[in-house]
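# Structure assessment
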Amino acid sequence: MFGYVLPLREELKVKDWERYRAVYCGLCHTMGRQCGQLSRLLLSYDFTFLALLLGAGGDQHKCRCPVAPCRGRSCCANSAALELAADECMILTWWKLQDQVQDEPFFKGLGARLLSRLFRRAYRRAQRRRPDFDRLADRQLEHLHRLEAERCPSLDRPADAFAKILAGAVPPTGDTGRDRATEQLLYHVGRWIYLTDAWDDLEEDLAQGSYNPILFRYRLDKTPDPDGPEGQQMRVTLTHSVNLALSALPLLEETENTPILENILWGGLPLVQRLVLSGKWKNQKKILRERQKR
């Protein structure tokens, strides 16, 4: 997946960092158990955020990590939150692979075709467990595909199509206020992810002639200056989405995960946003992600 939704580790208390790591490792083990060991390659910081929002992080135990087999890790016990995040990560990955198969030339799309075959059985299992989310992801990505085919010059329409997938990631609880706040928080995080990824892909999409809403919105024929008008406007709209997500968080019941969620929204997302807009993300992301694994 995208991997932009990271915490700002330096600003987290030790106990909160350990809790985040335990949820991350718990999601990895849950994916392996539910979707097969190969699916652990899909482990996503974005869906770790979802698991935290759903309340994962209760009982913990020591487990072995394939990345660091010589030392134990604290790992969250299996829970409904981790199971939901694992299934939805598998489903969304599957439909993104289908989109790549549909969009890309045969040889360039061979990787997506191979992964689709490898993950087909895992996807089918996740689909049976989460049919509503599967239908939502299929419908919204098909809508997004149509907008791309039309070369839609709007930022909001394709971002909205993707954001609605994350907005529907949490099943309704019957508590109208809580459900509305959760939906809005995830919607604006989803919108932020889509537009951040669009800016991150500008150079590649420009070189390949691929659709990118930023290129068509501003009618660009070269990569824009981050400090120019396009960069300034993107900074405003991305910051607006982060602020709306932050404003929804206090409407939810406070839990042990709340400080971690706050850290991600006010610290992690703005840091990633600055790196992406300045063009430094591709050089820094490996360093940042490796720090999350220590």
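Here we summarise the structure given alongside this text. (Residues numbered from 1 in each chain as written. Predicted model: local features only at pLDDT ≥ 70, side-chain atom pairs only at ≥ 80, totals over all residues. Heavy atoms only, no water.)

Turning to the overall build of the protein chain, a few remarks are in order. In terms of helices and strands, the protein chain carries 12 helices and 2 strands. Secondary structure of the protein chain in N-to-C order comes out as α-α-β-β-α-α-α-α-α-α-α-α-α-α. Its C-alpha atoms give the protein chain a radius of gyration of 19 Å, within 12% of the compact-globule value 19 Å for 294 residues. Reported as C-alpha extents along the three principal axes, the dimensions of the protein chain are approximately 55 × 45 × 40 Å. Counting contacts in the protein chain only where the partners sit at least 6 residues apart, residues at least 24 apart contribute 71% of the total. Looking at the protein chain as shown, the accessible area adds up to about 14500 Å², and 52% of this sits on carbon and sulfur atoms. Averaging the positions of the 44 positive and the 38 negative side-chain charges in the protein chain gives two centres separated by 6 Å. (Helix = DSSP H or I, 4+ residues; strand = E, 2+ residues; numbered from the N terminus. Rg over C-alpha atoms; globule rule 2.2 N^0.38 Å. Contact = heavy atoms within 4.5 Å. Areas by Shrake-Rupley, 256 points an atom, 1.4 Å probe, with all protein chains shown as cover. Lys, Arg positive; Asp, Glu negative; His and termini not counted. Charge placed at Lys NZ, Arg CZ, Asp CG, Glu CD.)

This part covers unusual backbone geometry. Backbone geometry at R151 places phi at a positive 55°, although glycine is not the residue there. In this structure, R151 sits in the loop between α5 (131-149) and α6 (156-167). Its identity as a non-glycine residue notwithstanding, R219 has a phi of 50°, on the positive side. As for its placement among the helices and strands, R219 is situated in the loop between α9 (213-218) and α10 (229-248). When its relative accessible area of 77% is taken as the criterion, R219 is described as exposed. (Buried < 20%, exposed > 50% of the residue type's maximum accessible area, 1.4 Å probe, protein only.)

Of all hydrophobic cores here, the largest spans 89 residues; its most connected members are F49, L185, I193 and I214. Top element by residues in this core is helix α3 (residues 80-103). It accounts for 11 residues. With sequence-adjacent residues up to four places away left out, I214 is seen in contact with L155, L195, A198, W199, L202, L220 and M234. (Core = buried A, V, L, I, M, F, W, Y, C linked by side-chain atoms within 4.5 Å.)

Our focus in this paragraph is a positive patch on the surface. There is a patch of like positive charges on the surface, built from R117, R120, R124 and R128. Turning to its location among the elements, R128 is positioned in helix α4 (residues 110-129). (Patch = residues over 30% accessible without salt bridge, like charges linked within 9 Å, V, L, I, M, F, W, Y side chains within 5 Å. Salt bridge = Lys/Arg side-chain N within 4 Å of Asp/Glu carboxyl O.)

In this fold, D205 is placed in helix α8 (residues 202-208). Assessed through its relative accessible area of 11%, D205 is described here as buried. Look past the residues within four positions of D205 in its chain and what remains in contact with it is S210, Y211, N212 and L215.

With that settled, the discussion passes to a nonpolar patch on the surface. On the surface, a cluster of nonpolar side chains totalling about 480 Å² of accessible area is made up of L38, L41, L114, L115 and L118. Along the chain, L41 falls in the loop between α1 (14-35) and α2 (45-53). Accessibility expressed as a relative area gives 70% for L41, which makes it exposed.

The next thing to look at is α2. Burial analysis of α2 places 9 of its 9 residues in the buried class, the great majority of the element. Every buried residue of α2 is accounted for by Y45, D46, F47, T48, F49, L50, A51, L52 and L53. Where α2 starts, the residue carrying a side-chain oxygen 3.0 Å from the main-chain nitrogen of D46 turns out to be S44. (Polar contact = N/O pair within 3.5 Å; in protein donor to acceptor, adjacent residues only side chain to side chain.)

Moving on, we get to the packing of aromatic side chains. Enumeration over the complete set of coordinates arrives at 8 aromatic pairs. With a centroid separation of 5.7 Å and 45° between ring planes, the pair formed by Y4 and W281 is classed as tilted. Of this pair, Y4 sits in the segment before α1 while W281 sits in helix α12 (residues 281-293), placing them 277 residues apart in sequence. You'll find Y4 and W281 in the same group, each marked buried. (Phe/Tyr/Trp six-rings, centres within 6.5 Å; stacked < 30°, edge-to-face > 60°.)

A word on α1. With 22 residues, α1 ought to run about 32 Å at 1.5 Å a step, and its terminal C-alpha atoms sit 31 Å apart, in line with that. G36 sits one or two positions beyond α1 and adopts a positive phi of about 95°. (Expected span 1.5 Å × (residues − 1).)

In this section: the state of the cysteines. Applying the stated criterion across every chain yields a total of 0 disulfides. In this structure C35 is a free cysteine whose sulfur lies 8.2 Å from that of C89, the closest cysteine sulfur available. Judged by relative accessible area, C35 falls into the buried class, the value being 4%. (Disulfide = S-S within 2.5 Å.)

Bringing the environment of L38 into the picture now. Assignment of secondary structure puts L38 in the loop between α1 and α2. A sequence separation of 57 residues divides L38 from W95, and the C-alpha atoms of the two residues are 17 Å apart.

Interpretation in functional terms is not warranted from these geometric data alone.
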